[in-house]
Amino acid sequence: MLANGLQADLTKKRLDRAGKLTSALADEGVRWQQTADNIQLATDLLVRACSTLGLGLGLGNAGGRCEREACTGRSAAEEGEASLGPA
């Protein structure tokens, strides 16, 4: 068994390391929350942009096909583009 002085010194060092680890983990938690917030913001912007453009993220009318056909007289398939949804 270690002498009391050595045990106390070892315990103090362990407490110091535990404090540093706790602080580092708290900082990491803040960073992860900021990353999650940024991802949510990007997702919201993507959904809004798709809605504005009429893309609907693959639901309903795909990519404003009706407007394209009205302007060009050709469908996306005729223009060689991949279909975004059911015709």
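It should be emphasised that the depicted structure is a prediction, and the values quoted were computed from it without experimental measurement.

Rules used throughout
- Residues numbered from 1 in each chain as written.
- Predicted model: local features only at pLDDT ≥ 70, side-chain atom pairs only at ≥ 80, totals over all residues.
- Heavy atoms only, no water.
- Helix = DSSP H or I, 4+ residues; strand = E, 2+ residues; numbered from the N terminus.
- Buried < 20%, exposed > 50% of the residue type's maximum accessible area, 1.4 Å probe, protein only.
- Areas by Shrake-Rupley, 256 points an atom, 1.4 Å probe, with all protein chains shown as cover.
- Salt bridge = Lys/Arg side-chain N within 4 Å of Asp/Glu carboxyl O.
- Expected span 1.5 Å × (residues − 1).

Take the overall build of the protein chain next. Helix and strand content of the protein chain: two helices and zero strands. When the 87 residues of the protein chain are sorted by exposure, 7% land in the buried category. Surface exposure of the protein chain reaches about 7100 Å², of which carbon and sulfur atoms provide 62%.

Let us now look at the pattern of salt bridges. On inspection of all chains with the given rule, the structure shows three salt bridges. Note that Glu28 is salt-bridged to Arg31, the shortest N-O span being 2.6 Å. Of this pair, Glu28 and Arg31 are both found in helix α1 (residues 4-53), three residues apart, which corresponds to roughly one turn of the helix.

With that out of the way, let us pick up α1. Counted at 1.5 Å a residue, the expected span for α1 with its 50 residues is 74 Å, and the 73 Å between its end C-alpha atoms agrees. Immediately downstream of α1, the backbone of Gly54 shows phi near 80 degrees, a positive value.

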